[in-house]
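# Commentary on secondary and tertiary structure
So you can see what is in the structure, the chains are spelled out below.
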Amino acid sequence: MSRVFVAVAVVALLVGPSTHAVAPVAYRFRFPEPQHHWMQVDATFPELGSGPLELRVSRSSPGRYALHDFAKNIWDVHAIAADGSELSVARPDPSGWTVPNHGDAVTVHYKVFGDRVDGTYLAIDSTHAHINMPAAIVWARGLDDRPSTLTLVSPKGVQWQPVSQLHRGSSPFELTAPNLQYLMDSPVEFGPVSVRDFMVDGRKFRFSAHHTGTASDLEGFVKDVEKIVRQEGAIFGEYPAYEPGDYTFVADYLPYAFSDGMEHRNSTVMTSPGAIRTHRLELLDTVAHEFFHAWNVERIRPRSLEPFDFERPNMSAELWLAEGFTQYYGPVALSRAGFLDLASFAAEMDELVAATVLAPGRDVRSAEEMSRMAPFTDGGTANDRTNWPNTVISYYRYGGAIALALDLILRGRTEGRVSLDDYMRAMWRTHGKPGATREGYVDRPYTIADAEARLAEVSGDPSFARDFFARYVHGREVAEYAKLLLPAGLVLRRERPGRAWWGDVSLDHRGGGLRITSPPLANTPAYASGLDLDDEVRQIDGTRIDSAEDIQAVFRRHRPGDRVRVVYVDRTGRALTTSVTLAEDPELEIVPVETTGGTVNESQKQFRRHWLGAAK
Ligand SMILES: [Zn+2]
């Protein structure tokens, strides 16, 4: 087949039987006063049928699971008919405006405020506009399949450049999207960006930075990014077909940015107050995490998130896999790319394991149930107090710990022939790769049963897969990490053996003592003694307490198992006494065996090479 013929056939497929291409929704963003953090939006909705035009503002944003109610920052809304007359508008609920009677087209004008540089919100200032679409656009119900155009107009006197995964339009300041899902998933950085390109295996990658560093800082950093891109490509064996023709890293490393990273289908937004020169490893860690998402969650996608619903919270029981496995692979990729030594990698794993093994939350919720908490915990705010320290474990860490266990178990039972990399590749082959017939959508999202079936395939052992999911995903067991880590020559042990401890109680100075400022964890001596939030500790073991150091000094005189008398004042002002039976500080660490006085043997060295050595 000739190239020309292929092109004709593809065009025929895309256009389909109808010869009339539907007119796009047209957005225009202008910035009359960027220093005051708002933009003027003009949105034209053409070729409307009869019936009310239901204009909506998102309540949720892809990849961040709490509700945000972005309509709170929108004002000065006007709906204008094609003849220029103003149309009457109703307000059916806080997140929408309805135009009951209108002609063929309606143009909506409004202002929107935004002043937070991160992966979810809108940020406008005199240096740039950092635009996450759900926080910025009013859209219309029922027009999900309409393409759209976006025209950006620089503020007076400056020339900004847009960077995005959106398709390039007819001018450098026009971008297009094939449908609403894709538009919403496509943040735009509009500012003084520096862009560097590189190619890997025939795929083009762009790194765009709005930052305070130098060109050579960026040059060197992008070389490191490329190493990560190569190592993660090797895990899956190939890169996805990025629809705009390339994948774009959108970085804002600015003193006034918040630390964040957000995955999108063909791009990621990475924001940080840190600079390349001072926070290199931290920034690379975000690169490694977010780029892994181009497979895991953007294309290997749980059915519960497909398609994303912009009007309600999106609950998923699979975030332990979508986020947790990604959390695990960040440090793995950094190690393989040569940026983490073994001790640093082990310390990262120790965070995942300790957060899961030691947390009382694992007695009350499974990894699936933790995932379902995301609408409250991921970007959500609570005015009232919560008991989350006792009932919630981050699905990032919980899922990361599950990934570590599964990788070690698979390697252990096959002498290194099968690993979690094979599992991720199987998920990609079945659920990710075949699913891109409609841009912005995933054709074959997975269920928990699918995830278990892929493990059965990869391990060749359905009963192993069933057992693993029953224990660690549906159930609340934790793997035997100490045993699993030994073949890699890593030791899991108590970090402060023999140290007397009453819990990681957070304290704040107040009045005549120290006030407890977070709920003591249910599995600690402090909790068992009846102490709780707002109690003021005055005396321990006869010693007057004025600082956290005073408490540690008392505990240093004691051993685990000793009882100490605590005098405190509760929130009503009553003076009370209780006794605390001190335990051994349970804090864990994972360290290379050679740092413990042991020696690493040949098979452990080989295990490490296969696990954390460079792929090429
Ligand atoms: Zn993530």
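Quick caveat, the model's predicted, so the values are computed rather than measured. Along every chain, residues carry numbers that run from 1 in the direction the sequence is written. Totals for whole chains, interfaces and linings use all residues, but because this is a predicted model, local features are given only for residues with pLDDT of at least 70 and pairs of side-chain atoms are given and counted only at 80 or more. Note that the side-chain values use all heavy atoms of the structure and ignore hydrogens as well as water.

## A word on the coordination of the zinc ion
Donor atoms (N, O, S) are those found within 2.8 Å of the metal centre, with the cutoff raised to 3.2 Å for Na, K and Ca; water is not part of the atom list, so apparent gaps in a site can occur. At 2.0 to 2.7 Å from the zinc ion lie its protein donor atoms, namely His289 (NE2), His293 (NE2), Glu323 (OE) and Glu323 (OE). A site with four donors is called tetrahedral when every donor-metal-donor angle falls between 85 and 135 degrees; four donors are called square planar, and six octahedral, when opposite donors sit more than 155 degrees apart and all other angles fall between 65 and 115; any other arrangement is irregular. Taken together, the 4 donor atoms coordinating the zinc ion span angles of 52 to 154 degrees at the metal, a pattern that classifies the geometry as irregular. Read in sequence order, the donor residues for the zinc ion give the motif H-x3-H-x29-E. Linking His293 in the loop between helix H4 (276-292) and helix H5 (319-336) with Glu323 in helix H5, this pair joins segments that are 30 residues apart in sequence. Note on exposure labels: buried denotes an accessible area under 20% of the residue type's maximum, exposed denotes more than 50%, and partly exposed covers the range between, all computed with a 1.4 Å probe on protein chains only. On the basis of relative accessibility, which here comes to 0%, the residue His293 falls in the buried class. What makes Glu323 buried here is its relative accessible area of 1%. Secondary structure is summarised from DSSP: a helix means a run of H or I of at least four residues, a strand means a run of E of at least two, and numbering begins at the N terminus for each.

## Focus: the pattern of salt bridges
A side-chain nitrogen of Lys or Arg and a carboxyl oxygen of Asp or Glu constitute a salt bridge if their distance falls within 4 Å. With the rule as written, the count across this model stands at 50 salt bridges. Close ionic contact of Arg59 with Asp69 constitutes a salt bridge, the shortest N to O distance being 2.6 Å. You can see Arg59 sitting in the loop between strand E3 (53-57) and strand E4 (74-81) and its partner Asp69 sitting in the loop between E3 and E4, a full 10 residues away along the chain. Judged by relative accessible area, Arg59 falls into the partly exposed class, the value being 26%. Asp69 sits in the partly exposed class, given a relative accessible area of 29%. When the shortest N-O distance is used, the salt bridge between Asp422 and Arg425 registers 3.1 Å. Separated by 3 residues within a single helix, Asp422 and Arg425 lie in helix H11 (residues 420-432), roughly one turn from each other. In the salt-bridge network here, residues are joined through shared partners; they are Glu54, Arg56, Asp93, Arg141 and Glu311.

## Comments concerning the domain arrangement of the protein
Each domain span listed reflects an automatic or database assignment of domains. Examined at the domain level, the protein breaks down into domain 1 (13-50 + 67-189), domain 2 (193-294), domain 3 (297-488) and domain 4 (500-584). Each of domain 2 and domain 4 has a C-alpha centre, and these two points are 46 Å apart.

## Some thoughts on the environment of Met315
As for its placement among the helices and strands, Met315 is situated in the loop between H4 and H5. In this structure Met315 comes out as partly exposed when scored by relative accessible area, which is 47%. Between the C-alpha atoms of Met315 and Asp534, which are 219 residues apart in sequence, the distance is 33 Å. The contacts of Met315, once residues within four sequence positions are left out, are Ser304, Arg372 and Pro375. The contact definition used throughout considers only heavy atoms, calling two residues in contact when any of these lie within 4.5 Å.

## Concerning the packing of helix H10 (residues 395-413) against helix H17 (residues 602-612)
In this description, a line fitted to the C-alpha atoms serves as the axis of each element, helices being fitted only across the stretch in contact, and the angle between N-to-C directions of two axes falls anywhere from 0 to 180 degrees. Orientation of H10 relative to H17, taken along the N-to-C sense of each, is 125 degrees, at an axis distance of 12 Å. In terms of orientation, H10 lies oblique with respect to H17. Handedness of the crossing formed by H10 with H17: right-handed. Between H10, through Leu404, Asp407, Leu408 and Arg411, and H17, the contact on the second element is made entirely by Phe607, His610 and Trp611. Nonpolar residues are Ala, Val, Leu, Ile, Met, Phe, Trp, Tyr, Cys and Pro. Charged residues are Asp, Glu, Lys and Arg, and all others, Gly as well, are polar. Across the contact of H10 with H17, the residue classes tally to 4 nonpolar, 1 polar and 2 charged. Small angles under 35 degrees read as roughly parallel and large ones over 145 as roughly antiparallel, with 65 to 115 read as roughly perpendicular and the rest as oblique. If you view the pair so one helix is near and one far, a crossing is left-handed when the near helix is turned anticlockwise from the far one by less than a right angle, and right-handed when it is turned clockwise.

## Re the side chain of Asn314
Following the sequence through the fold, Asn314 ends up in the loop between H4 and H5. Asn314 gets classed as buried once you look at its relative accessible area, which sits at 6%. Definition of a polar contact: a pair of N or O atoms within 3.5 Å, with one able to donate and the other able to accept a hydrogen when the atoms are protein atoms, and with sequence-neighbouring residues admitted only if both atoms are side-chain atoms. Engagement of the side chain of Asn314 in a polar contact is seen with the backbone oxygen of Arg312, the distance being 3.0 Å. Apart from residues lying up to four places away in sequence, Asn314 is in contact with Ser60, Tyr65, Leu305, Pro307, Phe308, Asp309 and Pro375.

## Focus on the packing of aromatic side chains
The way to describe two aromatic rings as a pair is by their centre distance and the angle between their planes. Classification of ring pairs uses Phe, Tyr and Trp, with its six-membered ring standing for Trp, and accepts pairs whose centres are within 6.5 Å; under 30 degrees between planes counts as stacked, over 60 as edge-to-face, and the remaining range as tilted. Under the definition given, this model contains 38 aromatic pairs. Ring centres of Tyr239 and Trp295 lie 5.8 Å apart, and the angle between their planes is 35 degrees; this geometry places the pair in the tilted category. Taken together, the residues span a long stretch of sequence, with Tyr239 in the loop between helix H3 (215-236) and strand E19 (246-253) and Trp295 in the loop between H4 and H5 at a distance of 56 residues. The buried category is assigned to Trp295, whose relative accessible area is 0%. To sit over a ring, a charge needs its Lys NZ or Arg CZ within 6 Å of the ring centre and within 35 degrees of the ring normal. Looking at Arg116, its charged tip hangs above the ring of Phe258, at a distance of 3.8 Å from the centre. Over the ring of Phe464 we find Arg413, and its NZ or CZ is 4.0 Å from the ring centre.

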